[in-house]
Amino acid sequence: MSYNIANLPPYEPQTIEAEAQAYWNENRSFEVDESSDRPKFYCLSMFPYPSGSLHVGHVRNYTIGDVISRYQRMLGKNVLQPIGWDAFGLPAENAAIAHQIPPAVWTDKNIAQMKQQLTSLGLGYDWSRELRTCDPDYYRWEQWLFLQLYKKGLAYRKEAIVNWDPIDQTVLANEQVVNGCGWRSGAPVERRAITQWFLKITAYADELLNDLDKLSGWPDQVRTMQRNWIGRSEGVSVLFALQDNPGEKIEVFTSRADTLFGVTYLAIAPEHPLAKQAASNNPALQAFIEETQHSSVSEAVRATTEKKGMATGLYAINPLSGRSVPVWVANYVLMSYGTGAVMAVPAHDTRDFEFATQYHLPIDWVIQPEATDTITTNTAFTEKGILVNSGDFSGLTSDNAIAQITEALDSTAQGKRCLQYRLRDWGISRQRYWGTPIPMIHCKDCGMVPVPEADLPVILPEAVDFQGIQSPLKQDLTFLQVTCPNCQQPAQRETDTFDTFMESSWYYARFASPDSHTRMLDDRADYWTPVDQYIGGIEHAVLHLLYARFLHKVLRDENLVSSDEPFTALLTQGMVLKDGSKMSKSKGNTVNPQALINQYGADTVRLFVMFAAPPEQSLEWSDAGVEGAYRFLKRVWQAVTTHVASLAHYPNWQTFLHQAHTEKQKALRYQLHHTIQKVTQDIGERKTFNTAIATIMELLNHWYKFTTETPQDYALSQEVLSAVVLMLSPIVPHITHALWLQLGHTNAIIDTPWPSVDSEALKQDALQWVIQINGKYRGRMTLPAQITEDEIKQAVLQEASLQQHIRNKTIRQWIFVPNKLINLVITP
């Protein structure tokens, strides 16, 4: 039966989406509590910085989380999906300076705008739990947690060499240094010694490393990155005595004691006390050390920069060989890593080989490959092997030599076994204004004094006057001046603020009990945590995730949660590219998602970002792809509205639902339930949303080819289209909300379970096999589903159309792909 499409209701996304969102709001569809008897599921996407407008990367991240949340809800879970704002940070402060607007005002304005944009996407958030990290009710508990760490000796203050941005006037994390320059200002960074606050994350190094084995729901790549960042090494600490002052020793760590006889120089960091001592009467060395202050303290950056050094004039004695080796200052040695000194073995370390070659230092080979006695001298040999030129240890394997050399050093007090980590304690001080005040007081008599817990929160003043870059907290006397809690004498507050990683490292737990006023977290946190599914960019694979894991263990030790890890499963989505490059304002290749929503509707944008690529891979933006997504939704709309109009002529169609099916109907039902099975696996297990959408599209194509001639045909069409709408609903929730009601269902689709697979429908009387000979397609055969392998072979050999290909040939092998393909390997 045909209909004039012009007479059917048109697809009007703006109207449809407004109606669906109004329904969710009126029914508070996404607000949840802990009283449900359904199993909990906590889905969380990394919360946004309120920059003022969403970009396509935001849309992708939050749509992925929303699809997972809606799907889990359809499985009968009690689903929490909250949202909040990572509201502190340098951009708000820079905007305040540039536009003479307080950071709090700028932040609130941006939050309001971005909240409207998130809402327009139809994201199913429990807005009753919304939080912003710049609210005193939030950061009060962060200050409280810091005080608990301070009591335990896990928070401390010391001088450290840091990356300093001279324009932004603040410390930068290593990851905020790009090609030696500040990531925002573009100014060359400097290395400065600054007194700042640290959290002793190294106290949890072993647990952070070992518990990675528990995180089977995390990508292997991320776990490997964290293992490498923590960098546990077993080795020996070796003491090299200075030649002219044997009582003074240089301590170095090595995991390769077998190379000790190959040491030809020691390299120390420019900040090492010996370097400063040697430079005191050496102007050239002093100038070199000052030059190094304009390079990053990042180990990764140092590894790729040109290796530079200068001899100090000092010599040290190898404790095993007795050999005198020169001491050099080298720009690739970090004072913050180990002891700030390394023993250089150019023959067996690529970095040392490069340095020694550049400065014409000796290269002594002490390890040779086990399989040969030939040593290649044009590059470093970094593997283990057999010791040579190593005194009494020559001839030993590397492993045996490491054990014996370590024992020899230990027995003579010239070394000792030890562990070392690449992981450094977390520097949490920032010398800027828009952040959480560190709750400490400087007293000239009592030293550093913690703010009493009863006086929390230490509130950041919001009505401030910026006079250039320097933090206004240093001039705000109402904030700065305070009485010492110990001696009651005048004192000053700490003016450094917390690194914003502090706020983002525990927000996931506060979502569970956002209105708890007497405790940082209450029992609800234990109900919801750990997060069942966490979603965010791969750029956060190390620091944010590592810091969150650390603070979760701290929260556990404070009896605020009982789990060991914060995030059970992790999905890291790829970037959004345009013309092969990451979108950025500077490149002029950004796309405004709001304009697309206004033109095509939120469902089209959601469908495109979920269909264009698997979530872990980069997504290449395509205007044609967006238009294609819109056309598909119009096609779905047309399919349902046409079917609904047809059903009006068959008021008793429901009585035909359970009658015996014809072969044509069985084929469509098979396709339907095969699709449900595959889409369930794609969304629920593999998280390959693009293939799930493609499979639904394929089912719709089969439906279009199905000719509806009888009431039972229409009943089957109802079953198929209802399932199509249900399976699409997590991805495009607005259009499916409307279509579900058009299909005659009285309950809202948001409260409808995921479709189940009918195993009987997957049983087929006959299967179609593709026939290949030597890998080339030769036709298809329809055979009974219950046929044996021998019966299949007989049928193939008797098939007339294949005789010309197999006559007088020898069949060497039969290859079966179950229920799909048969390949005959033949020879003349």
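Structure: above.
Student: Can you break down the overall build of the protein chain residue by residue, with the values?
Tutor: For the protein chain, the count of helices and strands is 26 helices and 34 strands. Oriented by its inertia axes, the alpha-carbon framework of the protein chain measures out at about 105 × 85 × 50 Å. For the protein chain, the residues scored as buried account for 53% of the 828 residues in total. Restricting to contacts in the protein chain with at least 6 residues of sequence separation, those with at least 24 account for 71%.

Student: Tell me about helix α5 (residues 136-151), residues and numbers included.
Tutor: Look at α5: 22 Å from first C-alpha to last across 16 residues, which is about the 22 Å you get at 1.5 Å a residue. Within the sequence span of α5, burial applies to Tyr138, Tyr139, Trp141, Glu142, Gln143, Trp144, Leu145, Phe146, Leu147, Gln148 and Leu149. Where α5 ends, the next residue or the one after it, Gly153, has phi of about 80°, a positive value.

Student: Can you tell me about the pairing of strand β27 (residues 570-573), naming the residues and giving the values?
Tutor: Because side chains alternate across β27, one face comprises the buried residues Leu570 and Thr572, and the other comprises Leu571 and Gln573, equally buried. For strand β26 (residues 533-537) and β27, the ladder comprises four bridges, and the chain directions are parallel. In the strand pairing of β27, Gly536 is matched with Thr572. Note that the unit made of β26, helix α17 (residues 543-557) and β27 has a crossover that is right-handed.

Student: Give a description of the packing of aromatic side chains that names residues and reports values.
Tutor: Using the criterion set out here, one finds 35 aromatic pairs in the structure. Note on Tyr507 and Phe511: the rings are 5.7 Å apart at their centroids and 70° apart in plane angle, and the pair reads as edge-to-face. For the pair Tyr507 and Phe511, one class covers both residues: buried. One aromatic cluster is present, built from ring pairs that chain together Tyr204, Trp426, Phe501, Tyr547 and Phe550. Against the face of Trp24 rests Arg70, its NZ or CZ located 4.5 Å from the ring centre. The residue whose ring lies beneath Arg422 is Trp229, and the NZ or CZ to ring-centre distance is 5.6 Å.

Student: Help me get a handle on the sheet that holds strand β22 (residues 447-450), residues and values and all.
Tutor: As summarised here, the arrangement of the four strands in space is β22-β21-β24-β23, forming an open sheet in which the pairing is antiparallel. With partners counted over all chains shown, the strands left at the sheet margins are β22 and β23 (481-483), one partner each. With strand direction ignored, the average angle separating the axes of adjacent strands in the sheet is 45°. Two elements, strand β21 (residues 440-443) and strand β24 (residues 490-493), share two bridges in a ladder whose sense is antiparallel. Bridge pairing in β24 links Ile441 to Arg493.

Student: Describe unusual backbone geometry, listing the residues and the values that go with them.
Tutor: Excluding glycine, residues mostly carry a negative phi; peptide bonds, for their part, are mostly trans. Cis geometry marks the peptide bond from Leu456 to Pro457; its omega dihedral reads 5°. Along the polypeptide, Pro457 turns up in the loop between β22 and α13 (477-480). Residue Pro530 is reached from Thr529 by a cis peptide bond, and omega for that bond is 0°. Mapping Pro530 onto the fold places it in the loop between α16 (523-528) and β26. Positive phi values are uncommon outside glycine, yet Gln169 reaches one of about 55°. Summarising the element assignment, Gln169 is placed in the loop between β5 (155-165) and β6 (170-172). Looking at Gln169, the relative accessible area reads 31%, which means it is partly exposed.

Student: Go over the state of the cysteines with me, naming the residues and quoting the values.
Tutor: Under the criterion given, the structure shown has zero disulfides. Cysteine Cys484 remains unbridged, with the sulfur of Cys443 as its closest cysteine sulfur at 3.7 Å.

Student: Residue-level account of the pattern of salt bridges, with values.
Tutor: Throughout the structure, instances matching the rule amount to 46 salt bridges. With a closest N to O distance of 3.6 Å, Asp499 and Arg430 form a salt bridge. Note that Asp499 is positioned in the loop between β25 (497-498) and α14 (501-504) and Arg430 in strand β20 (residues 429-430), a separation of 69 residues in sequence. Comparing Asp499 with Arg430 shows no difference in burial state: the two are buried. With its nearest N and O atoms 2.8 Å apart, the salt bridge here joins Arg524 to Asp522.

Student: Tell me about the packing of helix α20 (residues 623-647) against helix α24 (residues 733-742), and name the residues and values.
Tutor: The contact between α20 and α24 brings their axes to 10 Å, and the two run at 10°. With respect to their mutual orientation, α20 and α24 come out roughly parallel. Residues Leu633, Val636, Trp637, Val640, Thr641 and Val644 of α20 lie in contact with α24, whose contacting residues are Ile735, Ala738, Leu739 and Gln742. Grouping the constituent residues of the contact of α20 with α24 by class yields eight nonpolar, two polar and no charged.

Student: Lay out empty space enclosed by the protein in plain terms, naming residues and giving numbers.
Tutor: Taken as a whole and judged by the stated rule, the model has three cavities of 30 Å³ or more. In this structure, the largest cavity is lined by Trp24, Arg70, Arg73, Met74, Ser729, Pro730, Pro733, His737, Ile749 and Ile750. Of all elements in the fold, only α2 (56-74) and α24 reach the threshold of two or more residues within the lining of the largest cavity. The dominant element in the lining of the largest cavity, judged by the number of residues it contributes, is α2, at three residues. Class assignment of the residues belonging to the lining of the largest cavity gives a composition of six nonpolar, two polar and two charged.

Definitions and cut-offs
- Residues numbered from 1 in each chain as written.
- Predicted model: local features only at pLDDT ≥ 70, side-chain atom pairs only at ≥ 80, totals over all residues.
- Heavy atoms only, no water.
- Helix = DSSP H or I, 4+ residues; strand = E, 2+ residues; numbered from the N terminus.
- Buried < 20%, exposed > 50% of the residue type's maximum accessible area, 1.4 Å probe, protein only.
- Contact = heavy atoms within 4.5 Å.
- Expected span 1.5 Å × (residues − 1).
- Pairing = 2+ DSSP bridges.
- Right-handed = clockwise from strand over helix to strand, strands pointing away.
- Phe/Tyr/Trp six-rings, centres within 6.5 Å; stacked < 30°, edge-to-face > 60°.
- Lys NZ or Arg CZ within 6 Å of the ring centre and 35° of its normal.
- Axes fitted to C-alpha atoms, helices over the stretch in contact; angles between N-to-C directions.
- Disulfide = S-S within 2.5 Å.
- Salt bridge = Lys/Arg side-chain N within 4 Å of Asp/Glu carboxyl O.
- Parallel < 35°, antiparallel > 145°, perpendicular 65-115°, else oblique.
- Nonpolar A, V, L, I, M, F, W, Y, C, P; charged D, E, K, R; others polar.
- 1 Å grid on protein atoms, 1.4 Å probe; cavity = no way out; pocket = protein on both sides within 12 Å on 5 of 7 lines; lining within 4 Å.
- Points joined across faces, edges and corners; volume = space filled by probe spheres on them.

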